[in-house]
Amino acid sequence: MHKELNPELFGEKKVAKNTAMDSVSAVGTSPNSYLNTDRQIFEVKAQNQALADQLNKVVATVNELIKTSNIKFEKQHHLLNRLEQSHNGLATEAGQKITQLSQRVNERKSFDLKVQEMVDRHNNVIKSFEVRMNHLQKLLAEKEAQMISSQAALNEAKMEIARLKRL
């Protein structure tokens, strides 16, 4: 038995190939065909209801997934905000430490320059002291030589005086 939906239910009109069939179907509408149509309508309504139930289940599942996704996105958003705040705090702290280190390095450089200047001045003082010391040593050596020659002359003079006293 071949089942066919009534196209008139859906607003369509069936074009008949045969005018003899049209006259038979128009004249011969039996209660059996009405029952068959009612049964088909009931089956279609049941299918529609089943599809509506499935659609509602799918909609509920999708809504649940959307809610869980939104909750997850919100958590991720909060985590991202905390991470950004932490990163910004660390970046600020690192920048401050770098600035402090830079200032310390600059201070150390200025102290090193001052110490180097002091060492250079000290070296210059030592060099000038060495030059003066060498000059004084030369003068001392000259004076010692003069003293030795004076001592020798004095000894000679004493010996001469002693010889003259003997005579």
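Owing to the predicted nature of the structure, the values given are computational and were not obtained by experimental measurement.

A. Layout of the overall build of the protein chain. Summing up its helical and strand segments, the protein chain has two helices and zero strands in all. Relative to its full complement of 167 residues, the protein chain shows a buried share of 2%. Element-wise, carbon and sulfur atoms account for 60% of the exposed surface of the protein chain, whose accessible area totals about 15900 Å².

B. Representation of a nonpolar patch on the surface in the model. A cluster of nonpolar side chains, Phe129, Met133, Leu136 and Leu139, forms an exposed patch at the surface whose accessible area comes to about 370 Å². Structurally, Leu136 is set in helix α2 (residues 31–166). Residue Leu136 is classed as partly exposed on the basis of its relative accessible area, which comes to 49%.

C. Representation of the pattern of salt bridges in the model. Following the criterion strictly, the structure yields three salt bridges and no others. As a salt-bridge pair, Arg39 and Glu43 come within 3.4 Å of each other at their nearest N and O atoms. Remark: Glu43 and Arg39 occur in helix α2; sequence separation between them is four residues, near one turn of the helix. Here Glu160 and Arg163 are joined by a salt bridge, their closest N and O atoms 2.3 Å apart. With Glu160 and Arg163 both in helix α2 and three residues apart, the pair spans about one turn of that helix.

D. How the structure looks around the confidence of the model for the protein chain. Confidence in the prediction of the protein chain, expressed as mean pLDDT, is 86, and 82% of residues score 70 or more. Below a pLDDT of 50 lies the segment residues 14–28, which in the model reaches three contacts outside its immediate sequence neighbourhood of four places, other chains included.

Thresholds, definitions, all that
- Counting restarts for each chain: residues are numbered from 1 in the order of the written sequence.
- Totals for whole chains, interfaces and linings use every residue, but because this is a predicted model, local features are given only for residues with pLDDT of at least 70 and side-chain atom pairs only at 80 or more, for both listing and counting.
- Where side-chain values are given, they derive from all heavy atoms of the structure, hydrogens and water being excluded.
- Helix numbering and strand numbering both begin at the N terminus, where a helix is a DSSP run of H or I of at least 4 residues and a strand a DSSP run of E of at least 2.
- Exposure classes here rest on a 1.4 Å probe applied to the protein chains alone. A residue is buried below 20% of its type maximum, exposed above 50%, and partly exposed in between.
- Each accessible area is a Shrake-Rupley estimate made with a 1.4 Å probe; only the visible protein chains count as cover when residues are assessed.
- Patches draw on residues past 30% relative accessible area with no salt bridge. Two like charges within 9 Å are joined, as are two nonpolar side chains (Val, Leu, Ile, Met, Phe, Trp, Tyr) within 5 Å.
- By salt bridge we mean one thing: a side-chain nitrogen of Lys or Arg within 4 Å of a carboxyl oxygen of Asp or Glu.
- Note: pLDDT gives the predictor's confidence per residue, expressed from 0 to 100.
- When checking whether two residues touch, look at their non-hydrogen atoms; a contact exists if any pair is within 4.5 Å.

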